[in-house]
Each structure stands twice: as C-alpha cells, then as structure tokens.
Amino acid sequence: MSKSVYSIVLNDAVVEAVDEMAYRLGTNRSNMINQILAEKVAYVTPEQHIRNILDRVEGIINNQEVFRIMATSGDSSLMIKSSFKYKYNPSVKYSVVLNKNGGSASGELRVAFRTQNSILLQELNNFLDIWNALEAKYNQRDIRYARSNGRYVRILNLPGDDYDENQIGEMISEYITGFDRIMKLYFAGESIENIEMEYAEFYKKCLFKI
C-alpha cells in the first residue's frame, strides 16, 4: 500500500497525547495517526492486519504453560520464551516476525538457544537435521530456512485471502507448539522413529501447511 506526505493542522495537546500513545505501543507519530484514522473509518491497514495475527498467536500461546510471552517493541513481531528441561538449563526463544506483502503478510520464525555450551549446540544441530529431513519428506514443498550457531530461521509460507487473521494466527501457533514439543522429545531421548511418528501426527493435524 502506497503512502504519501500530507500537511495537517493539529492541536498541540492532541499531538502530545498521540505521541504518548505511540511511545507506549512502540511505534511513531505517523503510524499512530494512521492507525487511529484507519480505525475511525473502519479500514484495516497492513500493519493492523499483522498485529491482529500476532494478537491471535499471543492469545493461544498464553494458554500453554510451557511458553511465556516476552516484551516486544513495534507491531510486527512477537517474542516467546519456552521452558526447557535439560541438564544445561538452557532456554529457547521463538520470534515471530511478519512483514507487509501487499494486502497480506509474510514472515519468518526465528529460534534461538540462549547457551554457549558446545555439546548442547551440537545436539541442536542434530535435531535440526532430523526436523529438516522430516519437513522435506512430509511437506514436499519449497521450504526455506537458515541456521547457524544455535539459531534457526524458518520462512513462514502464510496463506492469502482464503484464511482470516484468526486462522493464520492459529497456523503459526500450531507450528511453534509442534516444533517445540518435538524438539523436546528429541532432547528427552526419544528414538528417531518415535519422533517421526509424532511429526507425522503433527503434520496431519495442521490446518494449513506453512
């Protein structure tokens, strides 16, 4: 969606209130005014579309004890921390980052281990080898990802207008919870056969293959 520069006259007190609201929400004055006007005329901006999706993800994740929502700035990302039972006491952080793409949204899931333990990092690489092999076997579509030193980035192939914001939020939440659960099965010592069975069940239940 294109944007243009407009000159408008506003009361100083109104601008001050807008700036305070923008600061609380982690955005800037222009975006805040744009959002307020869009809401007034019942228009959903691409930024609001993304925020609605992330709000749905947050609502689902908040109901699961293993996750905790972390404070984020801005309207296009959500950070989630997962509890992790392992001898090195690591933590794993999931970041959902969505981008405007016309009237829809695209994005990525970023996974990061907060550890420098070389053994744990190697185990993570081993799990990602298994996970990526399962994705390639069952998903059978172009899956783009990158990984390095305890970090993993998976491009999310979000659907278009056939699905509403709540459904897209559910898809993202479903993928995060599935990844988290299966990863922890690996670190708990489950066999590759059982991990594949769990992935197959997870994949079969997915509303949409992202």
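Everything in this summary refers to the structure shown in the same document. Predicted model only: the values in this text are computed from it and were never measured.

Thresholds applied
Residues numbered from 1 in each chain as written. Predicted model: local features only at pLDDT ≥ 70, side-chain atom pairs only at ≥ 80, totals over all residues. Heavy atoms only, no water. Core = buried A, V, L, I, M, F, W, Y, C linked by side-chain atoms within 4.5 Å. Buried < 20%, exposed > 50% of the residue type's maximum accessible area, 1.4 Å probe, protein only. Contact = heavy atoms within 4.5 Å. Salt bridge = Lys/Arg side-chain N within 4 Å of Asp/Glu carboxyl O. Helix = DSSP H or I, 4+ residues; strand = E, 2+ residues; numbered from the N terminus. 1 Å grid on protein atoms, 1.4 Å probe; cavity = no way out; pocket = protein on both sides within 12 Å on 5 of 7 lines; lining within 4 Å. Points joined across faces, edges and corners; volume = space filled by probe spheres on them. Nonpolar A, V, L, I, M, F, W, Y, C, P; charged D, E, K, R; others polar. Phe/Tyr/Trp six-rings, centres within 6.5 Å; stacked < 30°, edge-to-face > 60°.

## Considering the nonpolar core
Thought 1: Counting 44 residues, the largest nonpolar core has Y94, V96, W131, I172, F179, M183 and F187 as the members making the most contacts within it.
Thought 2: Beyond its immediate chain neighbours, meaning those up to four positions away, F179 contacts Y94, V111, F127, L128, W131 and Y152.

## Here we look at the pattern of salt bridges
Thought 1: Counted by the stated rule, this structure contains eleven salt bridges.
Thought 2: Notably, a salt bridge pairs D55 with R51, separated by 3.2 Å at the nearest N-O pair. Residue D55 and its partner R51 are both found in helix 3 (residues 46–61); the two are separated by four residues, about one turn of the helix.
Thought 3: D55 sits in the partly exposed class, given a relative accessible area of 39%.
Thought 4: Between R56 and E170 there is a salt bridge; the shortest N-O distance is 2.9 Å. Placement of R56 in helix 3 and of E170 in helix 5 (residues 165–187) is noted, with a sequence separation of 114 residues between them.
Thought 5: The exposure class of R56 is partly exposed, given its relative accessible area of 31%.

## Looking at empty space enclosed by the protein
Thought 1: As enumerated under the stated definition, the model contains one cavity of 30 Å³ or more in all.
Thought 2: Along its surface, the largest cavity is lined by 13 residues, and Y175, F202, C206, K209 and I210 are the ones closest to its centre.
Thought 3: Sorting the residues of the lining of the largest cavity by element identifies helix 4 (118–139), helix 5 and helix 6 (192–205) as the ones contributing at least two each.
Thought 4: Here the residues of the lining of the largest cavity are counted per class, giving eight nonpolar, one polar and four charged.

## Considerations on the packing of aromatic side chains
Thought 1: Applying the stated rule across the entire model yields 18 aromatic pairs.
Thought 2: A centroid spacing of 6.0 Å and a plane angle of 50° characterise the contact between F113 and F187, whose relative ring orientation is tilted. In this pair, F113 is assigned in strand 4 (residues 104–113) and F187 in helix 5, connecting sequence segments 74 residues apart. Taken as a pair, F113 and F187 share a single burial class, namely buried.
Thought 3: Seen in terms of ring centroids, F127 and Y186 are 5.8 Å apart; in terms of plane orientation they differ by 45°. Their pairing is tilted. Of this pair, F127 sits in helix 4 while Y186 sits in helix 5; the two residues are 59 residues apart in sequence, bridging distant segments of the chain.
Thought 4: On the accessibility criterion, Y186 (15% relative accessible area) is buried.

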